[in-house]
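# Summary of the model geometry
Here is what each chain is made of, one letter per residue.
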Amino acid sequence: MNAPLPAVRLRVPTHEDAVAWHRVFADPEVMEFHGGKPAALSVYEELTARQRRHDAELGFCLWTLLDESGEVAGFTGAQPWRPQWGPVGETEIGWRLGRAYWGKGYATAAARETVRRVRAAGVPGVVAMVRPGNERSISVARRLGMEQAESYPHPKLNESALCFRLAVNNAQ
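Conventions used here
Residues numbered from 1 in each chain as written. Predicted model: local features only at pLDDT ≥ 70, side-chain atom pairs only at ≥ 80, totals over all residues. Heavy atoms only, no water. pLDDT = per-residue confidence, 0-100. Helix = DSSP H or I, 4+ residues; strand = E, 2+ residues; numbered from the N terminus. Salt bridge = Lys/Arg side-chain N within 4 Å of Asp/Glu carboxyl O. Buried < 20%, exposed > 50% of the residue type's maximum accessible area, 1.4 Å probe, protein only. Pairing = 2+ DSSP bridges.

## A few points about the confidence of the model for the chain
For the chain, the average pLDDT comes to 91, and 97% of its residues sit at 70 or higher. Per-element confidence in the chain ranges from a low mean pLDDT of 92 for strand β6 (residues 147-153) to a high of 97 for strand β2 (residues 62-66).

## A word on the pattern of salt bridges
This model, assessed by the stated rule, comprises 9 salt bridges. A salt bridge links R116 to E113; its shortest N-O distance comes to 2.6 Å. Highlighted residues: R116 and E113, both in helix α3 (residues 106-120), separated by 3 residues, approximately one helical turn. You can call R116 partly exposed: its relative accessible area is 43%. Residue classification places E113 among the partly exposed positions, given a relative accessible area of 22%.

## Considering the pairing of strand β5 (residues 125-130)
In terms of burial, β5 is a largely internal element, 5 of the 6 residues being buried. Sheet topology places β5 next to strand β7 (residues 160-167); 6 bridges connect them, and they run antiparallel. Its bridge partner lying in β7, V127 is registered against R165.

Structure below.
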């Protein structure tokens, strides 16, 4: 029998969350499939500002994920796919958690809440772009009911990115 998922809270990222994300994601293992090394604080400052705009304009964003005690665990949410390759023009769902939260159901619980919120915002479907070998993210995508639909050659890496899809109106 599966353990119940943890209670999670999602909030629009604050300016202070840029510092928290920078701290939580300063682990090379967390960044293995996101460039391999921690990003500069300025990257997270820009990212949290963009997410506040997305929330105001679209009704969804990459939200700060808080654990039961209110500590920042990472982020999850959805945003327009930005690169000029892959599923251009679609809405991507994603998650990134600090290593202390891996394997405890946080990503799945938060991603399910994200699906509920994007459905309420009128988004017809979402994609999740996952690098091959990122079995944790592939597992979360499958637990959401996503199916691998296609792959896209990555413009900077010698591999293809896997594209998982979910029709949000049909999601659980």
